Amino acid sequence: MKYNFDEVFPRKGSASVKHDLMKPFFGTDDLLPMWVADMDFKAPECVLDAIRKRCDQGFLGYTFGDESYFGAVIDWLSRHYSVDAKRNELHYIPGIVVGIAFCIQAFTKLGDKILVNTPVYPPFVNLPVNNGRKLVTNKLKLENGRFEIDFDDLEQKAKGCKMMLLSNPHNPGGTVWSKADLQRVAEICKRNGVLVISDEIHADLTLPNYKHTSFTTVSDDAKSNSITFIAPSKTFNIAGLSSSVAYIPEKSIRDTYFEYLEASEFANGNIFAYIGAEAAFRHGEEWLAQLKDYLVENIAIADEFFKKNMPAVKAVLPEASYLLWLDFNGLGLSHEELQDRLIYKAKVALNSGLTFGGNDYAGFFRMNIGCPRSILKDALERIASAFA
């Protein structure tokens, strides 16, 4: 089946965060939404059909993740990442951000230090602070248009930390960390008593010619000292189903985390969380392959456009996912001036770099190119016109 990712669907007025919450964040709602990591493509028909079938049955009562659901998760992890997960090592969670918050509460105390690489997905920065912990940042190095870990700094920063939040693959830079990178992270963290939380929500969107490595597979240090989170939400554009999974091979860590979930009544999801995820993992392979080909072309279009029309804007091109990290500092404007032009002249909503790690990322913005090509081209033309 050939999927049509060029089709444009009106989403405004559907209580969409991406489309209907721009005014509180940007001061106006007449913008092209290129911010929240939510694609403007319909979910795969296999997911929608599975949900329709359950609705047609007419019963939406209490539910649980059965063996068929967990079997689909296990098969997906095995086929794609050579992860040999056992049923008792997996647990449903309502979302990865929520799952990370649970980790902070279950494994750390007030005042404990939590390590992150910056720039990074804003909840990684906000969750430790909002939970009364101390944020420690390891600033990534941008080398040859690609983010890399500063291991000398990481070695120093890890001392005294209780936890590291790892974006694997990286958001917003799109780096697919190598096995060697992950082995080094695992060794440093294990030696310093730092529990690694590997957020692998963008793993399935690793683009052709790159290979995602799941953290637990790289070494015994990694397997015995980590929690891995996966989800079909970004992959198949079904974040609203609130369906994610924690994978914990180490029993002592697993017992602590699962007991926390059970004691807090976080054990079960809604009926469509299980149905939608299982359908996606069992039947969404071809849709995903075509999606990634489409995203590769969108990335190439954006890259070529900036090089030709706005060479002062430097784009970090993702090796995974559909997010561009853009450096506007070459235009010689302040972050506030850049933001004003993007909002009030270009009429385009991008994520501010400040939310990914503070003032170090003034002049940077994140752009979501997971949309029909006509919308992407419109956004690019608007940006170029605003800075002409």
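Here the structure is a predicted model, which is why all the values come from computation and not from measurement.

This part is about the sheet that holds strand β9 (residues 226-230). A sheet is described by the order of its strands in space; here seven strands give the open sequence β2-β10-β9-β8-β7-β3-β4, paired in mixed fashion. Unpaired on one side and paired on the other, β2 (90-93) and β4 (134-139) mark the two borders of the sheet. The mean angle between the axes of side-by-side strands here comes to 25°, regardless of whether they run parallel or antiparallel. Relative to β9, strand β8 (residues 195-199) is paired through four bridges, and the arrangement is parallel. Residue Val 196 lies in a different strand from β9, and its bridge partner there is Ser 226. Running at roughly 160° to β9, helix α5 (residues 96-107) makes contact with β2, β3 (113-118), β7 (161-167), β8, β9 and β10 (244-247) of the sheet.

In this section: the side chain of Lys 18. Tracing the chain through its elements places Lys 18 in helix α1 (residues 17-20). The buried category is assigned to Lys 18, whose relative accessible area is 0%. Within the structure, Lys 18 has its side chain in polar contact with the backbone oxygen of Asp 38 (distance 2.7 Å). Among all residues touching Lys 18, those that are not within four sequence positions of it are Arg 11, Pro 33, Trp 35, Val 36, Asp 38, Met 39, Asp 40, Asn 368 and Gly 370.

So, on to the pairing of β3. In terms of residue burial, β3 counts as a mostly covered element, since five of its six residues are buried. Strand direction decides the pairing type here: β3 and β7, joined by four bridges, are parallel. From the neighbouring strand, Val 116 faces β7, where its bridge partner is Leu 165.

About the criteria used
Residues numbered from 1 in each chain as written. Predicted model: local features only at pLDDT ≥ 70, side-chain atom pairs only at ≥ 80, totals over all residues. Heavy atoms only, no water. Pairing = 2+ DSSP bridges. Helix = DSSP H or I, 4+ residues; strand = E, 2+ residues; numbered from the N terminus. Axes fitted to C-alpha atoms, helices over the stretch in contact; angles between N-to-C directions. Contact = heavy atoms within 4.5 Å. Buried < 20%, exposed > 50% of the residue type's maximum accessible area, 1.4 Å probe, protein only. Polar contact = N/O pair within 3.5 Å; in protein donor to acceptor, adjacent residues only side chain to side chain.

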